[in-house]
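Chain residues, written in single-letter form:
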2 protein chains.
Amino acid sequence: MIKVITSKNNDKIKYVVSLKDNKNRKKEGKFIGEGRKSLELALHAGLVQEVYTYDTLLIDENIPQYLVNEEVMKKLSSSVNPEGIVFVANVPSFKKDKYNKILFLDSINDPGNLGTLTRTALAFGYDAVVTSSDSVSVYNEKALAACKGANYLIPVFQDDLENYKDSYQIIVSTLKEESIDVEEVKLEEKYVLVLGNEAHGVSKKSEELADIFVKIPIENINSLNVAVAGGILMYSFH
Amino acid sequence: MIKVITSKNNDKIKYVVSLKDNKNRKKEGKFIGEGRKSLELALHAGLVQEVYTYDTLLIDENIPQYLVNEEVMKKLSSSVNPEGIVFVANVPSFKKDKYNKILFLDSINDPGNLGTLTRTALAFGYDAVVTSSDSVSVYNEKALAACKGANYLIPVFQDDLENYKDSYQIIVSTLKEESIDVEEVKLEEKYVLVLGNEAHGVSKKSEELADIFVKIPIENINSLNVAVAGGILMYSFH
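Notes on the structure in this doc start here. If you're wondering where the values come from, they're calculated on a predicted model, not measured in any experiment. (Residues numbered from 1 in each chain as written. Chains lettered and ligands numbered in written order. Predicted model: local features only at pLDDT ≥ 70, side-chain atom pairs only at ≥ 80, totals over all residues. Heavy atoms only, no water.)

**Thoughts on the sheet that holds strand S1 (residues 2-5) of chain A**
Residues and elements named next belong to chain A. Just so we agree on the cut-off: DSSP calls a pair of strands paired once it identifies at least 2 bridges connecting them. A run of H or I in DSSP becomes a helix once it reaches four residues, and a run of E becomes a strand once it reaches two; helices and strands are each numbered from the N terminus. Axis geometry follows a simple rule: fit a line to the C-alpha atoms, using only the stretch in contact for helices, then measure angles between N-to-C directions, giving values from 0 to 180 degrees. Any two residues whose heavy atoms approach within 4.5 Å are treated as being in contact.
If you trace the 5 strands from one edge of the open sheet to the other, you get S1-S4-S3-S5-S2, paired in mixed fashion. A single partner strand is all that each edge strand has here, and the edge strands are S1 and strand S2 (30-34). Across the sheet, the axes of successive neighbouring strands diverge by a mean angle of 25 degrees, strand direction being ignored. Here strand S3 (residues 48-53) pairs with strand S4 (residues 65-68) via 3 bridges, running parallel. When the sheet's bridge partners are listed, valine 51 is paired in S4 with glutamine 65. Helix-sheet contacts for helix H1 (residues 11-18) involve S1, S2, S3, S4 and strand S5 (85-90), and the interaxial angle to S3 is about 110 degrees. In the packing of helix H3 (residues 36-44) onto the sheet, contacts are made with S2, S3 and S5, and the angle to S5 comes to roughly 25 degrees.

In structure tokens:
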């Protein structure tokens, strides 16, 4: 089905725009994707509900396509220079029992960090990214941009760390006195690597659940950016 | 000297605001710093020309302090929630001959990446960060924010990579067929690690100057965020 929409006050357009708000994304179980590469990945994952574009795309004809003008596209897009492809997709659901290597993000605020960490977890063969309930959503537009499509290739979902305590080794990244150097960590087969908030570090709850505290040896300053620290830890554990 | 400024149309305020533009920063050799921690570091480095604040600060009385209201502070500050301390500082100059470990940033566009990489270079004991002429300035407000003060503790300046060819081993991060894994690099005493643009990688000129190409072994996707890749390389070389 292909239709033309010329007004940015069209109800469909208003609906898509409403999904820029995390509350609405949660209520509807949908998010807004953008760009050709992301669309390909989302189509492959069977998540795409409908597409908004300048020109008809050669995709499954059961997926509605809405042809829009620049004004409407600017309303839909989160990009300064829209590529001309925006789509609505279903938030996927994931089974929670068959992962060995998990990255847990504890109160990550910055969507760029969350997206970059998701992309890095995929690159180092992690099986899932789990986010605390107070972390930014991976379906935030900036998080999706930083993911570079990684969110379609690795499960990302919200859960409590305590659900992993019984079956996983919990490794918490923090600069405590008792923290051991990253090279000295003896990994178990199933583990969760926990990274904390940009300003405040990991939560007290996460610290209580930890089996090991790990640190990266640095000099001159007292912390690294969380995405850099996560990258170094995931690389080292690889 | 302590003076009160109440109007955002004051000439001094207009001058500070003009330094938000990189061209004016270059012409004047000044930049805008922000926040108490940065001010302390900039004072220690002897770079501070004048301070704009809500309340008088206990600093060297030869440095002029201008007391401003919220409206003026909002005009000066780059922060959504201004801490209430903005200062004008002199861009420092650096001697270019006594460094062993240099990070070279080749056409880095994103100020957050540039700042994060500077912070990481400091944490891993690099001696200087050199930026190509087409990289974003470290004195960009977002770059400074991501530096978290690192710019006051490690020399950061613009230069051409070819000036290092004779005395340094040039190590270029890129995913070429001939790239060797990061663990296999045999570092010389003096080396330059080169990281390239977020979208296009390192420039052709940098590739031509390379002694070694290095890569980080990853799976599933074909690149890491440049700040994450830089972090892993600097950690590995540490």
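Once you've had a look at it, read on.
**A word on the side chain of Thr118(B)**
Following the sequence through the fold, Thr118(B) ends up in helix H5 (residues 111-123). Those residues in contact with Thr118(B) that lie beyond four places of it in its chain are Val129(B), Val138(B), Cys147(B), Ala150(B), Asn151(B), Ile154(B) and Val156(B).

**Points about the interface of chain A and chain B**
Note the cut-off: The quantity reported as buried area is the accessible area (1.4 Å probe) lost by two parts once they are put together, taken as the sum for both. Salt bridge, as used here: a side-chain nitrogen of Lys or Arg that lies within 4 Å of a carboxyl oxygen of Asp or Glu. Under this definition, polar contacts are N or O atom pairs within 3.5 Å; protein pairs additionally need one hydrogen-donor-capable and one acceptor-capable atom, and for neighbouring residues in sequence, both atoms have to be side-chain atoms. Polar here means any residue other than Ala, Val, Leu, Ile, Met, Phe, Trp, Tyr, Cys and Pro, which are nonpolar, and Asp, Glu, Lys and Arg, which are charged; Gly is therefore polar.
Facing 25 residues of chain A, the contacting portion of chain B comprises 25 residues. Regarding the contact of chain A and chain B, the summed buried area is about 2200 Å², with carbon and sulfur atoms giving 64% of it. Considering only the side of chain A, the residues that lose the most area to chain B are Arg119(A), Ile221(A) and Tyr235(A), jointly responsible for 27% of the buried surface there. At the junction of chain A and chain B, the tally comes to 0 salt bridges. Summed over the shared surface of chain A and chain B, the number is 11 residue pairs in polar contact (both at pLDDT 80 or more). Sorting the residues of the side of chain A that touches chain B by element identifies helix H5 (111-123) and helix H8 (226-237) of chain A as the ones contributing at least two each. When residues of the side of chain A that touches chain B are assigned to their parent elements, the largest contribution, 6 residues, is made by H8(A). When its residues are assigned to classes, the side of chain A that touches chain B shows 13 nonpolar, 9 polar and 3 charged.

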